[in-house]
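As a plain string of letters, each chain reads:
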Amino acid sequence: MSRLGRALFACAVLAIARLAVALGESGSHAAPSGQGLWVRISPDRQSHTFRRGAIGLSIEASQLSSEVIGSQERSLVALLQRLGPATLRVGGNSADRAWWTAGSEAKPDWATSTVTPANLERLRALLDAAGWQAVLTVNLGHFEPRRAASEAQAAARILGPRLRAIEIGNEPNGFGSPVKKLRSPTYGVDDYLRELNSYRTSIAAAVPGVSFAGPDLSFAPSSHTWLPAIAAMGVSPFGEFTHHYYPTAYNLPDGHCKNTPYPTARDLLAPSVRESEDVLIGRLTAAGKDAHIPAVVSETNTTASCNTAGGPDTSPVFASALWALDWTLRATSAGVSSLNFHGKFGPCSTYSFSPICIPRGSQLENPVPRPVYSGLLAATYLEGGRFVRVSIGGERTAGGEVTAYATRHRDGRVTLAVVDFLPRGRTSTAIFARGFASASTRLLRAPSIHAKNRIRFGGRAIGAAEAARPPAAPLQRRGGSFRLAVPAGSAQIVTLRPAGG
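The structure reproduced in this document is the subject of the present report.

Here the structure, examined in full by the defined rule, presents one disulfide. Two residues, Cys348 and Cys357, share a disulfide whose sulfurs are 2.0 Å apart. Residues Cys348 and Cys357 are joined through a disulfide that is right-handed, its torsion about the S-S bond being 100°. For the pair Cys348 and Cys357, a shared accessibility class is recorded, and that class is buried.

Below you can see the structure in the form of structure tokens.
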């Protein structure tokens, strides 16, 4: 190469390096294509804290009457303990059709389930065994403030310190929709706030000092006006701002829903999904800042539908693990306080998106983790630290198909997550920054993004019986940096340790 050529090459390398440093904070950002895949970590450029317990779950209120809820289900407790201690939200669409009674009243025709003090006792046993807390949703769909106050009072007495907050209604911005039909089509945010005030007054009188979470909005166009209107109130009625999110959707014709095609695994992992997530994160965190309270994604999972939970090509497959890992880190690195992944602890359905459910033909005490659970488990390795700046570039990054996040812990360790969404392609090489004495990695992988089984994390299957963390493979150090093989359609959780760490 001529002297001029070498000079031009050096300038190009310097320009790429400067561009990489300029790429945003602790998240996924495309860089110009080059040879291999490289990741640069800036441990001193810290931002949001990824608090322990930020990765929670959510279940339907109708599940409170299920026999699955109870501390005797050791497998369920073990699976919760591996993610937590965290928060279990009890809500969903069934919350506004659940009937609370402290006596022997028969439920009305509109009610699809009954909640009693005995159900709350079982919930307390589960929370105690797992070390979790709960957010309990009371029925706003059928307007009865006094009955809701009775339920909140019983919950405070029975759950005690395990009760984190009360939610009032589920997705109230959809109450007037032709699917829910819980209010007139003209029901708006002002109507909701008047009803909310009645509930808060009744509940606060029955349970002084109770904390409220809300407004628990759905990811619908109406939230674009509801969210800023509620956030702009002088004094927030909530202790945390809650919102729902589902990246893909479809409906089967049943008289209420428009027939739409099933989303695919590739749809779930498409860059457009991550763009949509960034929009929601921006709106939600802005609302939280305006209201001076934490922003929470209180209900989320792979696929929404008005007549079934999950999707056959997105929910019970490995793609959901990669999506859940990236979505969790994308949201929390941008300032979202926590997320609750929705589902049921009951039988696994064909379309089930539940992180934990019971295989057909199995006993109630044998729930199992689904693919999305493995992504959540991998994300917990970054908890307890503060997100640091990450730059990523090289091959397979131009379309945003590879993302990276990292957190720095108090002992100086840095935990890095690298997620490759592409379903095929040759293995790339990642080069990490200098400054660490040793590094090791745990690979999250399956035969394909469509796989329902043979999912491995650190070389092990993920099940309820494994209490110990899977082993990590050491990485070779070359001149102060480390090299890592990143297969397509996989994720790596890398731990980098400073000298003496």
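Below, the discussion takes up the layout of surface pockets. One water molecule sets the probe size; rolling that probe over the atoms shows where empty space is left. Approximately 1400 Å³ is the volume found for the largest pocket. As for the largest pocket, its lining consists of 46 residues, of which Asn93, Glu171, Ala304, Ser305 and Cys306 are closest to the centre. For the lining of the largest pocket, the elements supplying multiple residues, two or more each, are β10 (248–249), β12 (303–304) and β13 (338–343). Split into classes, the residues belonging to the lining of the largest pocket amount to 13 nonpolar, 25 polar and eight charged. Its volume calculated, the second largest pocket comes out at about 310 Å³.

This part takes up the pairing of strand β7 (residues 163–168). Where burial is concerned, most of β7 is hidden: five out of the six residues are buried. Looking at chain direction, strand β6 (residues 133–138) and β7 are connected through five bridges and run parallel. Paired with Val138 across the bridge in β7 is Ile168. Assessed by its sense of winding, the connection that carries the chain from β6 through helix α4 (residues 145–159) to β7 is right-handed. The pairing of β7 with strand β8 (residues 212–217) spans two bridges and is classified as parallel. From the neighbouring strand, Ile166 faces β8, where its bridge partner is Phe212. Handedness of the crossover is the feature at issue here: the chain leaves β7, passes through helix α5 (residues 189–206), returns alongside β8, and the resulting connection is right-handed.

Reading guide: rules and limits
Residues numbered from 1 in each chain as written. Predicted model: local features only at pLDDT ≥ 70, side-chain atom pairs only at ≥ 80, totals over all residues. Heavy atoms only, no water. Disulfide = S-S within 2.5 Å. Buried < 20%, exposed > 50% of the residue type's maximum accessible area, 1.4 Å probe, protein only. 1 Å grid on protein atoms, 1.4 Å probe; cavity = no way out; pocket = protein on both sides within 12 Å on 5 of 7 lines; lining within 4 Å. Points joined across faces, edges and corners; volume = space filled by probe spheres on them. Helix = DSSP H or I, 4+ residues; strand = E, 2+ residues; numbered from the N terminus. Nonpolar A, V, L, I, M, F, W, Y, C, P; charged D, E, K, R; others polar. Pairing = 2+ DSSP bridges. Right-handed = clockwise from strand over helix to strand, strands pointing away.

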